[in-house]
Amino acid sequence: MATIITSECINCGACEPECPNTAIYQGGVEYELNGVMHPPLSNDIFYIVPEKCTECVGFFDQEACAVVCPVDCCVPDPQRPESEDALIVRARELHPDKTFADGFPSRFKEGGGGAASTAGEAAPAATAKPTAAAAPAPVPAAAPAAAPAMEMSTLNIPTIEEWEVPIECHHCKGSYAVAFRHFRSGVVFYCPFCNGSTVVTSSMRNYVAQSLHTFYDQWAHDFEVFQEKRQRQLTEFEERQRERLEALNESLTQARHDYKPPGAPRKRAWIFG
Ligand code: SF4
Ligand code: SF4
C-alpha cells in the first residue's frame, strides 16, 4: 500500500527531501508524473503521489518519510494495498537508469534487506524517532560551548558529539546552535528567538556527520604526520648538537695542552747550564 500523509501534517517539510522517488509535494504545488504536470492533490498540507511512492522499496528498509516525520502522519494507505513485487516494479519503472539487485532493501524483508541502497542512496536512520520533547534547548550561535579539547592538540577542538551545529531559523532567520549529539533525524528544535520549529532531516544529519568525521579524520592524519616530522627534526637537531658538543669538548681538551695557565708549575732552566 502506498504511503499517505494525514491531516495531522504540520507542514514542516522534513519528509520531502527524503523521498527517493520525489513522490512528496508541498500543498498547492503541482506534481510531475512521466513528464506531465498535474494539479496538486492537496492545497493545505504536503501530499504523496501514489503512482510515485514505492514505500521506499528498493531504497530503504523502511519508509523514509515516516522516519523523519515529527508527528507520525506518514502512514500506509489501507485503501491501496500493494505487494513488494508491484512496488519494486514501480521503482524500476521510475528509475530505468538504476539497477536493483535481488537483495534490494525493503520493509517487507526480514531485517529490512540491508540498509544500503542499490541505487547508491543513503539509508535513513533506523533509530527510534525522538520527539520535540526530546530536543534539548538550543543555545544562541554566538556562544560556543567550552567543550573538552581533543587529546592530541592544545587547540580547543570539541569532540564530535559536543560540536555545536549552527541552525538558521526558517521563520525569523535567527541563528542558534545545538550540540551534535542532539542533532538526530526527526528531532524538532525551537528557535530561541521566535519559537519557530526546525526538524532535522536524515540528509541534514548525514551531511553534518560526514563533514565532522571527515574533518576529524583529516585532523588526526595531519597531526600524526606533523608529529612524525617533528620527531624527525628533533632527532636531527639532537644529532647535530651532539656533534657540536663533542667538537667543543675536543677543542677544550686540546686547549688544555696548548695553553699553560699562569702559575702552573714549569720546568726550571739551569741558570749556568
Ligand atoms: S514511503 Fe518512501 S517512496 Fe513513499 S512517499 Fe514516503 S519516502 Fe517517498
Ligand atoms: S514530515 Fe510529516 S509533518 Fe512534516 S511535512 Fe512531512 S508529513 Fe507533514
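Scroll up to find the structure.
Residues numbered from 1 in each chain as written. Chains lettered and ligands numbered in written order. Predicted model: local features only at pLDDT ≥ 70, side-chain atom pairs only at ≥ 80, totals over all residues. Heavy atoms only, no water.

A positive phi is found at Glu55, a non-glycine position, where the angle reads about 55°. Along the chain, the position of Glu55 falls in the loop between strand 5 (47–48) and helix 1 (64–68). Not every positive phi belongs to a glycine, and Asp72 is a case in point at roughly 55°. Judged by relative accessible area, which is 49%, Asp72 ranks as partly exposed. (Helix = DSSP H or I, 4+ residues; strand = E, 2+ residues; numbered from the N terminus. Buried < 20%, exposed > 50% of the residue type's maximum accessible area, 1.4 Å probe, protein only.)

Counted according to the given criterion, the structure contains 11 aromatic pairs. Between Tyr25 and Tyr47, the ring centres sit 5.8 Å apart and the planes meet at 20°, which makes this aromatic pair stacked. Taken together, the residues span a long stretch of sequence, with Tyr25 in strand 2 (residues 24–25) and Tyr47 in strand 5 at a distance of 22 residues. Neither Tyr25 nor Tyr47 differs from the other in exposure class; each is buried. Between Phe59 and Phe100 the ring centres are 5.5 Å apart and the planes differ by 80°, which places this aromatic pair in the edge-to-face class. (Phe/Tyr/Trp six-rings, centres within 6.5 Å; stacked < 30°, edge-to-face > 60°.)

A grouping of Leu245, Leu248 and Leu252 is seen on the molecular surface, where their side chains present a nonpolar patch of about 290 Å² in accessible area. Within the secondary structure, Leu248 is located in helix 3 (residues 202–258). Residue classification places Leu248 among the partly exposed positions, given a relative accessible area of 44%. (Patch = residues over 30% accessible without salt bridge, like charges linked within 9 Å, V, L, I, M, F, W, Y side chains within 5 Å. Areas by Shrake-Rupley, 256 points an atom, 1.4 Å probe, with all protein chains shown as cover. Salt bridge = Lys/Arg side-chain N within 4 Å of Asp/Glu carboxyl O.)

Okay, the pairing of strand 9 (residues 175–179) next. In terms of burial, strand 9 is a largely internal element, 4 of the 5 residues being buried. Where strand 8 (residues 164–168) lies against strand 9, 5 bridges are found, and the strand directions are antiparallel. Following the sheet pairing, Ile167 is matched in strand 9 by Tyr176. Between the antiparallel neighbours strand 8 and strand 9 lie 6 residues, among them Lys173 with a positive phi of about 65°. (Pairing = 2+ DSSP bridges.)

Around ligand 1, the neighbouring residues are Thr3, Cys19, Pro20, Asn21, Ile24, Ile48, Cys53, Thr54, Glu55, Cys56, Glu63 and Cys65. Of the residues in the shell around ligand 1, the class split is 7 nonpolar, 3 polar and 2 charged. (Near = heavy atom within 4 Å. Nonpolar A, V, L, I, M, F, W, Y, C, P; charged D, E, K, R; others polar.)

Further remarks concern the nonpolar core. For soluble globular proteins, nonpolar side chains are generally found buried alongside one another. Judged by nonpolar contacts, the single largest core of 21 residues is most densely connected at Ile5, Cys15, Ile24 and Ile48. Judged by nonpolar contacts, the second largest core, of 18 residues, contains Val178, Val187, Cys191 and Tyr216. (Core = buried A, V, L, I, M, F, W, Y, C linked by side-chain atoms within 4.5 Å.)

This part takes up the layout of surface pockets. Here the largest pocket is characterised by a volume of approximately 210 Å³. Sort the elements by how many residues they give to the lining of the largest pocket and strand 11 (residues 197–199) lands first, with 3 residues. In terms of residue class, the lining of the largest pocket is built from 6 nonpolar, 7 polar and no charged. (1 Å grid on protein atoms, 1.4 Å probe; cavity = no way out; pocket = protein on both sides within 12 Å on 5 of 7 lines; lining within 4 Å. Points joined across faces, edges and corners; volume = space filled by probe spheres on them.)

Moving on to helix 3. Over its 57 residues, helix 3 runs 83 Å from end to end, which matches the ideal 84 Å to within 8%, given 1.5 Å per residue. Burial in helix 3 covers these residues: Ser202, Arg205, Val208, Ala209, Leu212, Tyr216, Trp219 and Phe223. As for helix 3, its buried residues are in contact with helix 1 and strand 8. (Expected span 1.5 Å × (residues − 1). Contact = heavy atoms within 4.5 Å.)

Residues in contact with ligand 2 amount to 13 residues; listed here are only the nearest, Cys9, Cys12, Gly13, Cys15 and Cys69. The residue makeup of the shell around ligand 2, split by class, is 11 nonpolar, 2 polar and no charged.

Turning our eyes to something else, we now look at the side chain of Glu55. Overall, the relative accessible area of 1% leaves Glu55 in the buried class. For Glu55, the side chain forms a polar contact with the side chain of Arg107, separated by 2.6 Å. (Polar contact = N/O pair within 3.5 Å; in protein donor to acceptor, adjacent residues only side chain to side chain.)

Time to look at the environment of Asn195. In this fold, Asn195 is placed in the loop between strand 10 (188–190) and strand 11. Taking C-alpha positions, Asn195 is 8.9 Å from His171, a pair spaced 24 residues apart along the chain.

Summed over the entire model, instances satisfying the criterion amount to 8 salt bridges. For the salt bridge of Arg90 with Glu82, the shortest nitrogen-to-oxygen distance reads 2.4 Å. The exposure class assigned to Arg90 is buried, which follows from its relative accessible area of 15%. One salt bridge connects Glu239 with Arg242, and the closest N-O pair in it is separated by 2.9 Å. Of this pair, Glu239 and Arg242 both sit in helix 3, 3 residues apart, roughly one helical turn. Note on Glu239: relative accessible area 38%, which makes it partly exposed. Taken together, the salt bridges that share partners define one network made up of Glu55, Glu63 and Arg107.

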